[in-house]
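Per-entry structural report
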Amino acid sequence: MIAKSADVLLVGAGAMSTTLGMLLKQLDPDINIVMVERLGHVAHESTDGWNNAGTGHAAYCELNYTPKLPDGSIDTAKAFVINSAFEVSLQFWSYLVKQGALPKPENFIHATPHQSFVWGEANVEFLRKRYAALSQSPQFADMEYSEDPRVLREWMPLILENRDPMEPIAGTRVRYGADVDFGALARNMTHYLQAQDNFELLLNHTVTDLEQDDDGQWQVALENRKTGVERTIASRFVFLGAGGGALPLLQMSGIPEGDGYGGFPVSGQWLVCKKPEIVEKHQAKVYGLAPIGAPPMSVPHLDTRIISGEKALLFGPFAGFTTKFLKQGSILDLPKSLRTNNLKSMLSVGKNNMDLTRYLISEAMQSHEERVASLRNFYPDAKDEDWELANAGQRVQIIKKDKDKGGKLEFGTEVITAADHSLAALLGASPGASTAVNTMINIVERCFPERLATDEWQQKLKEMVPSYGESLKDNDELLKRVRQYTLSTLELDQ
């Protein structure tokens, strides 16, 4: 048995853990960090480029972040929260580029306009109201709107090719949207961390037990999946950032704050096109409206993607039902997650969401021809033979207790922290990696309050994220200054 101690143990080597590791190393270069990953590579699960939509979620184009209320008005609250959070990510990445801790921006981020597109009179009315509600704020003041086919043809030529000229259509555009290769980003951050003192990466290691000593320190048992060698890491702080694998680990920890949580796994697939003559005609991320009954993660979009330097078009995602919590997980993940404290909420969600379950199963049963037929709503000239199916990553949506319904299914992300600040876990999916920096700063605030209260950490956070502690929504001058800095540094103002 190999024993080791650390100040911080990060479980999972994806966008979340690598971001938290980078933040803590910048705040305290001497902090001792161990990162544990069950696979043999960094960021090959939910964070990997082909498993991730790659949209820098800024709420510019994602229509599910601005739902229509019963009175017909548009709820913009979530859009402003997500937009502000993504601006935090851009600031942190800009800082790391300036410091040489990340390579040139072209290695992980590319300027890609964020656009929305709808058809039909009711949907056009919705998009018109959405634009009116958002564009009056400086955060969305650069958004453009049009119902003119000639303008929309300039923005999204593939989508306008051979479309019915009598059909009402509308679109919005923000020029400086981003396509992010989160896999490349996480691997670059890990590469930097490995070059620092007091950092160790353990690949092919799985957590087999989590126990807390009387003095508050965690004893985390690991097993090398290749050799079978066991070791124990003693750590004052543990972060469970293992994507879909975080829920079983949270349950393993036994902290009362995790009681009642369950997970609803959803798989996904993409249609992928790599034909240059098609790919070069579309340079944008274009989001539409989700079909009735579909989960928010199934909002259809036709995306320009640049992954490991290779350009392609992705359309989807096509959701499916699975019992796995990870792409490389087990079909027993879901049944093994059942506990006496979450059984009621899990059964309640299952009973109250039968339409969703049927939808996911029907999605999974679609033929290639049926999937391409869905694509033709966006790209009328799409041909079956130009597109192939690829598996996306697994997502585990949050199930939690609800006093009225027994259980509630949520499609966002949530951080659960122990009362003594010694452990934190991140559950959920979208917007996920895009807002990782803001989420990890929140964990630092919750779990390292004494250190964060020092002038040293406050000044360093302000250096890394110039808007820290202030509201971009309420400070137009700060927003303008921050955007000029990040768009220039990350080469998004092309």
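In the block above lies the structure referred to throughout.
Cut-offs and rules
- Residues numbered from 1 in each chain as written.
- Predicted model: local features only at pLDDT ≥ 70, side-chain atom pairs only at ≥ 80, totals over all residues.
- Heavy atoms only, no water.
- Helix = DSSP H or I, 4+ residues; strand = E, 2+ residues; numbered from the N terminus.
- Expected span 1.5 Å × (residues − 1).
- Buried < 20%, exposed > 50% of the residue type's maximum accessible area, 1.4 Å probe, protein only.
- Arc of directions from axis to C-beta.
- Salt bridge = Lys/Arg side-chain N within 4 Å of Asp/Glu carboxyl O.
- Contact = heavy atoms within 4.5 Å.
- Axes fitted to C-alpha atoms, helices over the stretch in contact; angles between N-to-C directions.
- Parallel < 35°, antiparallel > 145°, perpendicular 65-115°, else oblique.
- Left-handed = near helix turned anticlockwise from the far one by under 90°.
- Nonpolar A, V, L, I, M, F, W, Y, C, P; charged D, E, K, R; others polar.
- Core = buried A, V, L, I, M, F, W, Y, C linked by side-chain atoms within 4.5 Å.
- 1 Å grid on protein atoms, 1.4 Å probe; cavity = no way out; pocket = protein on both sides within 12 Å on 5 of 7 lines; lining within 4 Å.
- Points joined across faces, edges and corners; volume = space filled by probe spheres on them.

**Some points on helix H3 (residues 121–135)**
- The terminal C-alpha atoms of H3 lie 21 Å apart, and with 15 residues this matches the ideal 21 Å at 1.5 Å per residue to within 8%.
- For H3, every residue scored as buried is listed here: Val 124, Phe 126, Leu 127, Arg 130, Leu 134 and Ser 135. Buried residues of H3, seen end-on, are gathered within an arc of 155 degrees and therefore sit on one face of the element. Of the exposed residues in H3, those oriented more than 90 degrees away from the buried face are Glu 121 and Ala 122.

**Digging into the pattern of salt bridges**
- According to the stated counting rule, one finds 24 salt bridges in the structure shown.
- Here Glu 200 ties to Arg 231 by a salt bridge, and the two come within 4.0 Å at their closest N and O atoms. Here Glu 200, found in strand E8 (residues 199–202), pairs with Arg 231, found in strand E11 (residues 230–240); they are 31 residues apart in sequence, far enough to count as distant.
- For Glu 200, a relative accessible area of 26% gives the class partly exposed.
- Of the charged contacts, one joins Lys 285 and Asp 303 as a salt bridge, the two residues approaching to 3.3 Å between their closest N and O atoms. Note that Lys 285 is positioned in strand E13 (residues 285–287) and Asp 303 in strand E14 (residues 301–307), a separation of 18 residues in sequence. With respect to class, Lys 285 is no different from Asp 303; both count as buried.
- Each of Asp 179, Lys 285, Asp 303 and Arg 305 takes part in salt bridges that share partners, so that together they form one network.

**Concerning helix H6 (residues 182–194)**
- Between its first and last C-alpha atoms H6 spans 18 Å; for 13 residues at 1.5 Å apiece the expected length is 18 Å, and the two agree.
- For H6, the set of buried residues is Phe 182, Gly 183, Ala 184, Leu 185, Ala 186, Met 189, Thr 190 and Leu 193.
- The elements touched by buried residues of H6 are helix H1 (15–27), strand E2 (33–36), helix H2 (77–99), strand E7 (178–180) and E8.

**A few points about the packing of H1 against helix H13 (residues 436–447)**
- Look at H1 against H13: their axes get within 9 Å of each other, and the N-to-C directions meet at 55 degrees. Of the possible angle classes, the one that applies to H1 and H13 is oblique. Along this stretch, H1 crosses H13, giving a crossing that reads as right-handed. Across the interface between the two elements, Ala 15, Met 16, Thr 19, Leu 20, Leu 23, Leu 24 and Leu 27 of H1 pack against Ala 436, Val 437, Met 440, Ile 441, Ile 443 and Val 444 of H13.
- The residue inventory of the contact of H1 with H13, partitioned by class, reads 12 nonpolar, 1 polar and no charged.

**A look at the nonpolar core**
- Residues Trp 93 and Phe 239 are the most contacted members of the largest nonpolar core, which totals 72 residues.
- Sorting elements by how many residues they give to this core places H2 first, with 11 residues.
- What Trp 93 contacts, discounting residues up to four positions off in sequence, is Phe 86, Leu 102, Phe 108, Ile 109, Val 180, Phe 182, Leu 185, Val 437 and Leu 490.
- If you look at the next biggest cluster of nonpolar residues, it comprises 37 residues, including Val 207, Ile 233, Met 346 and Ala 425.

**Remarks on empty space enclosed by the protein**
- Inspection of the entire model under this criterion finds 3 cavities of 30 Å³ or more.
- Taken as a whole, the largest cavity holds about 70 Å³ of empty space.
- Lining the largest cavity are 13 residues; nearest its centre among them are Tyr 60, Phe 86, Glu 87, Leu 90 and Tyr 176.
- Across the lining of the largest cavity, the residue classes break down as 7 nonpolar, 4 polar and 2 charged.
- Empty space within the second largest cavity amounts to approximately 60 Å³.

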